[in-house]
Amino acid sequence: MTPQTSTEFEKYYVPEKSRLALCAATGLFLSLFGAANVMNDMTYGDPSVETNSWTIFLCGLFFFLATLFGWFRTTIKENRAGLSSAQMKKSYALGMFWFIFSEVMFFFVFFSALFYVRNLVGPWLSGEGDGGRMNGLLWPGFEYTWPMAITPQEAMGGAASQPIANNGDFVSFEKSMAISEASAWWKWLPLWNTIILVSSSVTVHIAHSGLLADNKRKFNLWLGISVLLGMIFVALQALEYYEAYAHYGLTLNSGIYGSTFFMLTGFHGFHVIIGMTMLLVQWLRSVRAGHFSAEDHFGFEASSWYWHFVDVVWVLLFLFVYVL
Amino acid sequence: MGAHHHGPAKGLSRWLFATNHKDIGTMYLWFSFSMFILGGSFAMVIRAELFQPGMQLVDPLFFNQMTTLHGLIMVFGAIMPSFVGLANWMIPMMIGAPDMALPRMNNWSFWILPPTFLLLASTLFMEGGGPAFGWTFYAPLSTTYAAPSVTFFIFGIHMAGLSSIMGSINIIATVMNMRAPGMTYMKMPMFVWTWLITAFLLVAVMPVLAGAVTMMLMDIHFGTSFFSAAGGGDPVLFQHIFWFFGHPEVYIIILPAFGVVSQIIPAFSRKPLFGYDSMVYATASIALLSFLVWAHHMYTVGMPVAGELFFMYATMLIAVPTGVKVFNWVTTMWRGSMTFETPMLFAIGFLILFTIGGFTGLMLSIAPADFQYHDSYFVVAHFHYVMVAGALFSMTAAVYYWLPKWCGRMYNETMGKTHFWISFISFNVAFFPQHFVGLAGMPRRIPDYALQFADFNMMSSIGAFVYGLSQLLWGYNVISTIVAGKPISDEKVWEGAEGLEWTVATPAPFHTFETPPQVK
């Protein structure tokens, strides 16, 4: 074993011992255990019986989020104390990259489900291919369209009239999210959401270039604008959900169209909120504590990767959920 | 090494607040061993019920809970964490790194597991019982017809998945970023290579499993219709998603086992591994192909013929890189100066029995033939040959191989060899007859069976009991080694062993390679 010369080798920082991991594991467990109890109360529980499921869930969640806050705080402090070597920063970068990859795979499942349903299940249920008998015996009268305006169950006359294969009431929507008339495109909310989210990706990039040029004013301004655009996007999504439930009759129960629509846009919206929070934290760090320089800004860079990822997912969503 | 080393913290905080890769590895290994005992005891209940035809000991619902939890606990609680523990212990020492790349996250990955599996086991005592739908939890058994405890099962899978993803990200970052100077990718020990590829697989498919259970959760509690044809969804969609995770998952389990065997066979043949490069490429090919073969688990669901054919040919293709590996191990031993200590015995046991399991897999890959084998005991025999005699034998070999390095004491060789021979024979007594009853038509996951299967089932149960009991011998050997084994101090415990882990002191100090070694 020949040690390297000190100019080549920086010592890799291995923290001595830490409570963070155990607290995070406890918080995560309590919040998910609580969430499971909340859902079971909702579906199987007796409404007249008081339970403490919500308390467990909220306490666990608070403890978890507080731990994450403390964890990031510790890491930032360590970095500002000069403990992070260039090699360690690369570990963080790799960690973030592969975390985003795992998120990509998570969205991949829901997109795959959508494609599978649209290209195979729908036609099969309406009697194409090998599904002819299934249509004749199980779902006579069902015709496949997308967006699926009438579910197989409705084609049979609703849940009550159908003795088999029922596990819920699947009443389809009155109006889908597809554009109703092409001439009124400027009234179509998803298009504006697309413009807003794509612009926010551009503004984050402008902020980054400002930071690389050591122009903190430019950085703060454009990062702030990005966070604002993110907030507008979330607000518009909330409006869209309200419209769907209040006026379109489009809910989670609206058969597979409602299921895929809400799961894809819902998980995307959730990730926008996470990404926006990340960017907001970076903005606060920069504005209030003067963090970040042209050389040292991994917190911001990781958040911006995440933001671009969320943006790309939206573009795919716009294409496959709203347009096509 | 330098005098600035910090020893481990005193008391319980050493473990609760651990950041050291060796401590976390140790916790993973003990946790997985305890899960192995728990999952094994469920298997004993199954085999006791099947000892004779007719209903003997447990009611059918409880029997189903036993088969389900046996599978879930063995896959997610025993085998996967055991290899993560091994990765924690060995990867930094094999590549000359001071620790894992992200030490605190490493501890988080571990501490998620004990409460998760406690919750999973506690579902047995909940109203309606625990999960009873098989470890593959097909919808609608796991949605419309499941007991309320399924919600806890779903969140348990979420947590186990999160733990695996974080563990794998850590391994990827460690291997890509923490290698000592001169340790190029093509000089890495095979165990490190197989784990790197496994970690990629895990990061790619654990989120897919998370997606599957999330859709289940939504179908159960929020009225969506992903897996319900009445709403325009499809129960078969569940199977597609599950097996898109599930097939890479079986390689996640077996690839680190390949890595272990690729370390041990050269050491006791006193020859370098034959065809190192081809081993790396074969491992990568297996991993890539594993994404294209998932529907070979679903030949009987009524796929279009073109689909059946595609998945059949793609599956058969995997036999090529797997064959490369098997032949390379055999060729490594060819004209080697071989000795047969316990690790080597288990590695050779692995090689023979895994090859049998591989061949039955090839039989199962033939779509028209699978219509007969599907969901029969033949499948059970097949995957126990690759899971137990494959993954578990290799894990056992790894423990015997590295235990002296870990604790600086030598295990009892006679007891080790006895453990091997009892395991090897009883394993075959337990699982070989299952091929026959399966081919003759005995379905899996049933508490009672037709009379003509009685003899083979009794044989199988006796083998399983002996196998289960003989693992206690292993536990006893390991514990007595740690407590009172013969102390050793040679850096190189095994004469033929190669690699950086054999250049550090025995027992391995708390911190190793704080200054990276130079690899030539």
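Residues numbered from 1 in each chain as written. Chains lettered and ligands numbered in written order. Predicted model: local features only at pLDDT ≥ 70, side-chain atom pairs only at ≥ 80, totals over all residues. Heavy atoms only, no water.

Within an unreviewed UniProt entry, the label attached to chain B reads Cytochrome c oxidase subunit 1, and the organism entered is Sediminihaliea albiluteola. As its UniProt record puts it under Sequence similarities (unreviewed entry), chain B is described as follows: "Belongs to the heme-copper respiratory oxidase family." UniProt, in the comment section headed Pathway (unreviewed entry), describes chain B in these words: "Energy metabolism; oxidative phosphorylation." (UniProt positions renumbered as here; feature names shortened; annotations may be inferred.)

Where an unreviewed UniProt entry is consulted, chain A appears under the name cytochrome-c oxidase, with the organism given as Sediminihaliea albiluteola. Recorded in UniProt under Subcellular location (unreviewed entry), the annotation for chain A is "Membrane".

Draft legend 1. Spatial organisation of the environment of tyrosine 281 of chain B. All names here are of chain B. Residue placement: tyrosine 281 occurs in helix H8 (residues 276-289). Residue classification places tyrosine 281 among the exposed positions, given a relative accessible area of 52%. Along the chain, tyrosine 281 and arginine 444 lie 163 residues apart, while their C-alpha atoms are 36 Å from each other. (Helix = DSSP H or I, 4+ residues; strand = E, 2+ residues; numbered from the N terminus. Buried < 20%, exposed > 50% of the residue type's maximum accessible area, 1.4 Å probe, protein only.)

Draft legend 2. Summary view of unusual backbone geometry. Cis geometry marks the peptide bond from tryptophan 146 of chain A to proline 147 of chain A; its omega dihedral reads -5°. Assignment of secondary structure puts proline 147 of chain A in the loop between helix H4 (132-137) and helix H5 (152-155). Proline 140 of chain B follows alanine 139 of chain B through a cis peptide bond whose omega is 0°. Note on placement: proline 140 of chain B falls in the loop between helix H4 (103-122) and helix H5 (150-177). Of note, the phi angle at arginine 335 of chain B is positive, near 60°, even though the residue is not glycine. With phi around 55°, phenylalanine 513 of chain B is a residue other than glycine that occupies positive phi space. Locating phenylalanine 513 of chain B in the fold gives a position in the segment after strand S2 (486-487).

Draft legend 3. The arrangement of the packing of aromatic side chains in detail. Residues and elements named next belong to chain B. One pass over the structure, following the stated rule, counts 94 aromatic pairs over all chains. Both rings, one in phenylalanine 244 and one in phenylalanine 291, keep their centres 5.8 Å apart while their planes meet at 45°; by these two values the pair is tilted. Residue phenylalanine 244 is found in helix H7 (residues 235-269), and its partner phenylalanine 291 is found in the loop between H8 and helix H9 (305-333); the two are separated by 47 residues along the sequence. The class for phenylalanine 244 is buried, based on a relative accessible area of 13%. The ring centre of tyrosine 185 lies 3.8 Å from the NZ or CZ of arginine 179, which sits over that ring. (Phe/Tyr/Trp six-rings, centres within 6.5 Å; stacked < 30°, edge-to-face > 60°. Lys NZ or Arg CZ within 6 Å of the ring centre and 35° of its normal.)

Draft legend 4. Structural view of a nonpolar patch on the surface. Residues and elements named next belong to chain B. A cluster of nonpolar residues, Trp421, Ile425, Val429, Phe432, Phe436, Phe456 and Met459, forms a patch on the protein surface that exposes about 610 Å² of accessible area. Of all the elements in the fold, those that place two or more residues in the nonpolar patch are helix H13 (413-439) and helix H14 (454-484). Ranked by the residues each element gives to the nonpolar patch, the list is headed by H13, at five residues. Relative to the helices and strands, phenylalanine 436 resides in helix H13. For phenylalanine 436, a relative accessible area of 40% translates into the label partly exposed. (Patch = residues over 30% accessible without salt bridge, like charges linked within 9 Å, V, L, I, M, F, W, Y side chains within 5 Å. Areas by Shrake-Rupley, 256 points an atom, 1.4 Å probe, with all protein chains shown as cover. Salt bridge = Lys/Arg side-chain N within 4 Å of Asp/Glu carboxyl O.)

Draft legend 5. Structural detail: the UniProt feature "transmembrane region" (unreviewed entry) in chain A. All names here are of chain A. Cross-referencing UniProt, the feature "transmembrane region" (unreviewed entry) maps to residues 20-39, 51-72, 92-117, 185-207, 219-239, 259-284 and 305-323 in the present numbering. Spanning residues 185-207, this segment combines 83% helix with 0% strand, and its end C-alpha atoms are found 31 Å apart. In residues 219-239, helix accounts for 100% and strand for 0%; the two terminal C-alpha atoms are 30 Å from one another.

Draft legend 6. Highlighting the pattern of salt bridges. Evaluated as defined, the whole model comprises seven salt bridges over all chains. Here arginine 104 of chain B and glutamate 78 of chain A are joined by a salt bridge, their closest N and O atoms 2.8 Å apart. On the criterion of chain membership, the pair formed by arginine 104 of chain B in helix H4 and glutamate 78 of chain A in helix H2 (residues 53-80) is interchain, its members lying in two chains. Under the relative-accessibility criterion, arginine 104 of chain B is labelled buried at 9%.

Draft legend 7. Highlighting the interface of chain A and chain B. Taken together, the contacts link 76 residues of chain A with 76 residues of chain B. When chain A packs against chain B, close to 6,700 Å² is buried across both sides, 72% of that on carbon and sulfur atoms. Where chain A touches chain B, the interface holds two salt bridges. Ionic pairing is found between glutamate 514 of chain B and lysine 11 of chain A, a salt bridge with its closest N-O pair at 3.3 Å. One can count 19 residue pairs in polar contact (both at pLDDT 80 or more) joining chain A with chain B. Listing elements by their share of the side of chain A that touches chain B, those giving two or more residues are helix H1 (20-44), H2, helix H3 (86-125), H5 and helix H8 (255-289) of chain A. Sort the elements by how many residues they give to the side of chain A that touches chain B and H3 of chain A lands first, with 22 residues. (Contact = heavy atoms within 4.5 Å. Buried area = accessible area lost by both parts, 1.4 Å probe. Polar contact = N/O pair within 3.5 Å; in protein donor to acceptor, adjacent residues only side chain to side chain.)

Draft legend 8. Quick peek at the nonpolar core. Residue and element names in this part refer to chain B. Within the largest apolar cluster, 278 residues are counted, with the highest numbers of intra-cluster contacts made by Phe76, Leu86, Phe153, Trp195, Trp329, Phe350 and Trp402. At 24 residues, helix H6 (residues 190-221) tops the list of elements feeding residues into this core. Discounting residues that sit within four places of it in the chain, phenylalanine 153 has contacts with Leu72, Leu120, Pro131, Phe133, Phe137 and Met216. (Core = buried A, V, L, I, M, F, W, Y, C linked by side-chain atoms within 4.5 Å.)

Draft legend 9. Inspection of the UniProt feature "domain: Cytochrome oxidase subunit I profile" (unreviewed entry) in chain B at higher detail. In the numbering used here, UniProt assigns the feature "domain: Cytochrome oxidase subunit I profile" (unreviewed entry) to residues 15-520 of chain B. When the span residues 15-520 of chain B is considered, its composition is 68% helix and 1% strand, and the gap between its end C-alpha atoms is 36 Å.

Draft legend 10. Layout of the side chain of threonine 481 of chain B. All names here are of chain B. As for its position among the elements, threonine 481 is in helix H14. Note on threonine 481: relative accessible area 2%, which makes it buried. Within the structure, threonine 481 has its side chain in polar contact with the backbone oxygen of asparagine 477 (distance 2.5 Å). In this structure, threonine 481 is in contact with Leu403, Cys407, Arg409, Met410, Tyr411 and Asn412, ignoring residues within four places of it in sequence.

Draft legend 11. Layout of the environment of alanine 267 of chain B. Residue and element names in this part refer to chain B. Locating alanine 267 in the fold gives a position in helix H7. With relative accessibility at 2%, the residue alanine 267 sits in the buried group. C-alpha separation for the pair alanine 267 and tryptophan 494, spaced 227 residues apart in sequence, amounts to 7.4 Å. When neighbours within four sequence positions are excluded, alanine 267 is seen to be in contact with Tyr401, Gly496 and Ala497.

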